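# Coordinates in review
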Amino acid sequence: KLQAFRMTGSQALFSEAMESIVNILASCIALYVVYYAAKPADRDHPYGHGKVEFLSAALEGGFIAFAAFLILVEAVQAFYENKVLHSLDLGIGMLAGTAVLNFTLGFYLNTLGKRKHSAALEASGRHLMADFWTTVAVVVGLTLVHLTQVFWLDIVIAVLVSIHLIREGYQLIRKAIGGLLDEEQISVIKQIQSLI
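These notes cover the structure that comes with them. Numbers given for residues are sequential positions, taken from 1 along each chain in its written order. Local features are withheld for residues below a pLDDT of 70 in this predicted model, meaning they are given only at 70 or higher, and side-chain atom pairs are given and counted only at 80 or more; totals for whole chains, interfaces and linings count all residues. Remark: hydrogens and water are excluded; side-chain values derive from all non-hydrogen atoms of the structure.

### What about helix H5 (residues 119–148)?
In an α-helix, one full turn covers 3.6 residues, which means residues spaced three or four apart are oriented alike. Strands are runs of DSSP state E lasting at least two residues, helices are runs of H or I lasting at least four, and both sets are numbered from the N terminus onward. To estimate the expected span of a helix, subtract one from its residue number and multiply by 1.5 Å. Here H5 is 30 residues long and its end C-alpha atoms lie 43 Å apart, about the 44 Å a rise of 1.5 Å per residue gives. Side-chain atoms alone can form a polar contact between residues adjacent in sequence; in general such a contact is a pair of N or O atoms within 3.5 Å, and within protein one must be able to donate a hydrogen while the other accepts it. A side-chain oxygen of the first residue of H5 lies 3.2 Å from the backbone nitrogen of Leu121; this N-cap is Ser118. A positive phi of about 60° marks Gln149, the residue just after H5.

Encoded structure:
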């Protein structure tokens with residue numbers, strides 16, 4: 001995605017590249033966190049190490065929000081510079097290929113996270129699935145830009161992606177804080193009540 005941005009100069013592709021960089025950072029952190037969370041309870045951690053997964057999810061949410069901020073800054077600069085886009089057809093093709101990869105990996109991680117009750121894996125899966133839908137929207141938008149040659153639409157797409165990322169980052173942070181603070185889960189309470 002970063003190479004596609006460099007080739008085209010598209011702000012929408014820059015937004016996609018920033019989100020992918022966040023995905024890579026978050027995945028590296030999640031890999032370690034899942035390993036650490038699986039450690040058994042010890043004298044210093046009598047309830048185990050599982051809560052660290054919520055920290056990972058909150059950190060990922062923060063990364064997403066930061067990427068959204070960078071995308072907005074870049075989009076504003078591009079608006080004033082009035083850049084012309086190049087090789088959009090090739091950039092769109094490269095982006096579509098990444099969408100397929102993100103969907104496959106995101107679906108797998110989300111399913112595995114739910115099955116293993118892993119907040120870190122589920123957060124990574126949700127992020128990749130959100131990235132898939134964002135990528136699909138950007139592919140459609142850039143196809144429209146390519147067909148119409150209305151280049152300011154590229155900046156509008158980038159801003160819309162950043163708004164979407166702010167929302168996604170907030171939801172991840174909110175869910176992580178709820179888990180860290182042992183927020184009541186109404187669905188779990190109802191499930192327990194149905195067993196009584």
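### Details of the packing of aromatic side chains
Aromatic ring pairs are described here by two measures, namely the spacing of the ring centres and the angle between the planes. Centres within 6.5 Å are what make two rings of Phe, Tyr or Trp a pair, Trp counting through its six-membered ring; a difference in plane orientation under 30 degrees is then read as stacked, over 60 as edge-to-face, and the rest as tilted. By the definition in use, this model includes seven aromatic pairs. Judged by centre distance (5.1 Å) and plane angle (55°), the rings of Phe5 and Phe14 are tilted. For each residue, the accessible area found with a 1.4 Å probe, counting protein chains only, is set against the maximum for its type, and the residue is called buried under 20%, exposed over 50%, and partly exposed in between. In this structure Phe14 comes out as buried when scored by relative accessible area, which is 12%. Ring plane angle 45° and centroid distance 6.1 Å describe the contact between Tyr32 and Tyr35, whose orientation is recorded as tilted. Of the two residues, Tyr32 and Tyr35 are both situated in helix H2 (residues 11–37); the distance of three residues between them amounts to about one turn of the helix. Take Tyr32 and Tyr35: they sit in the same class, and that class is exposed. An aromatic cluster of three or more residues is present, and its members are Phe103, Phe107, Phe132 and Trp133.

### Observations regarding the environment of Val22
Mapped onto the elements, Val22 comes out in helix H2. Any pair of residues with heavy atoms lying within 4.5 Å of one another is described as a contacting pair. Setting aside anything within four residues of it in sequence, one finds Val22 in contact with Phe63, Ile64, Ala67 and His127.

### Focus: the side chain of Glu19
Mapped onto the elements, Glu19 comes out in helix H2. Neither His nor the chain termini are counted; the positive set is Lys and Arg, and the negative set is Asp and Glu. The salt bridge criterion pairs a side-chain nitrogen of Lys or Arg with a carboxyl oxygen of Asp or Glu, the two atoms within 4 Å. Among buried Asp, Glu, Lys and Arg side chains, Glu19 stands out as unpaired, with Lys1 the closest opposite charge at 5.8 Å. Setting aside chain neighbours within four positions, we find Glu19 in contact with His127, Ala130, Asp131, Thr134 and Leu165.

### Concerning the nonpolar core
Nonpolar side chains tend to gather and get buried jointly when the protein is soluble and globular. Throughout, nonpolar core names a set of buried Ala, Val, Leu, Ile, Met, Phe, Trp, Tyr and Cys residues whose side chains join them through atoms within 4.5 Å. By size, the foremost hydrophobic cluster in this structure holds 30 residues, and its most contacted members are Val138 and Leu142. If you list the elements that add at least two residues to this core, you get helix H1 (2–8), H2, helix H3 (52–81), helix H4 (88–116), H5 and helix H6 (152–180). Beyond its immediate stretch of four places on either side in the chain, Val138 contacts Ala12, Glu16, Leu95, Ile157 and Val161. Judged by nonpolar contacts, the second largest core, of five residues, contains Val33, Ala37, Val52 and Ala120.

### Quick notes on the pattern of salt bridges
With the rule as written, the count across this model stands at three salt bridges. Note that Glu122 and Lys175 form a salt bridge whose closest N and O atoms lie 3.4 Å from each other. Here Glu122 is found in helix H5, whereas its partner Lys175 is found in helix H6, with 53 residues between them in sequence. We classify Lys175 as partly exposed; its relative accessible area is 45%.

### Regarding the environment of Leu180
Here Leu180 is to be found in helix H6. A C-alpha to C-alpha distance of 42 Å links Leu180 and Thr8, two positions 172 residues apart in sequence. Apart from the residues lying within four places of it in its own chain, the contact partners of Leu180 are Lys51, Phe54 and Leu55.

### Side note on the packing of H2 against H5
The geometry of a pair of packed helices is captured by two quantities: the angle between their axes and the separation between those axes. Two numbers describe how H2 lies on H5: the axes approach to 10 Å, and their chain directions differ by 170°. Taken as axis vectors, H2 and H5 run roughly antiparallel relative to one another. Note that H2 runs across H5; the crossing there is left-handed. Facing Ala12, Leu13, Glu16, Glu19, Ser20, Val22, Asn23, Ala26, Ala30, Val33 and Val34 of H2, the residues of H5 in contact are Ala120, Leu121, Ser124, His127, Leu128, Ala130, Asp131, Thr134, Thr135, Val138 and Leu142. Residue composition of the contact of H2 with H5, grouped by class: 13 nonpolar, six polar and three charged. Axis definition: a line fit to C-alpha positions, over the contact stretch in the case of helices; interaxial angles, taken between N-to-C directions, run 0 to 180 degrees. In this scheme, roughly parallel covers angles under 35 degrees and roughly antiparallel covers those over 145, while 65 to 115 is roughly perpendicular and the rest are oblique. Should the near helix be turned anticlockwise from the far one by less than a right angle, the crossing is termed left-handed; should it be turned clockwise, right-handed. In the scheme used here, Gly and all other residues not listed as nonpolar or charged are polar, with Ala, Val, Leu, Ile, Met, Phe, Trp, Tyr, Cys and Pro taken as nonpolar and Asp, Glu, Lys and Arg as charged.

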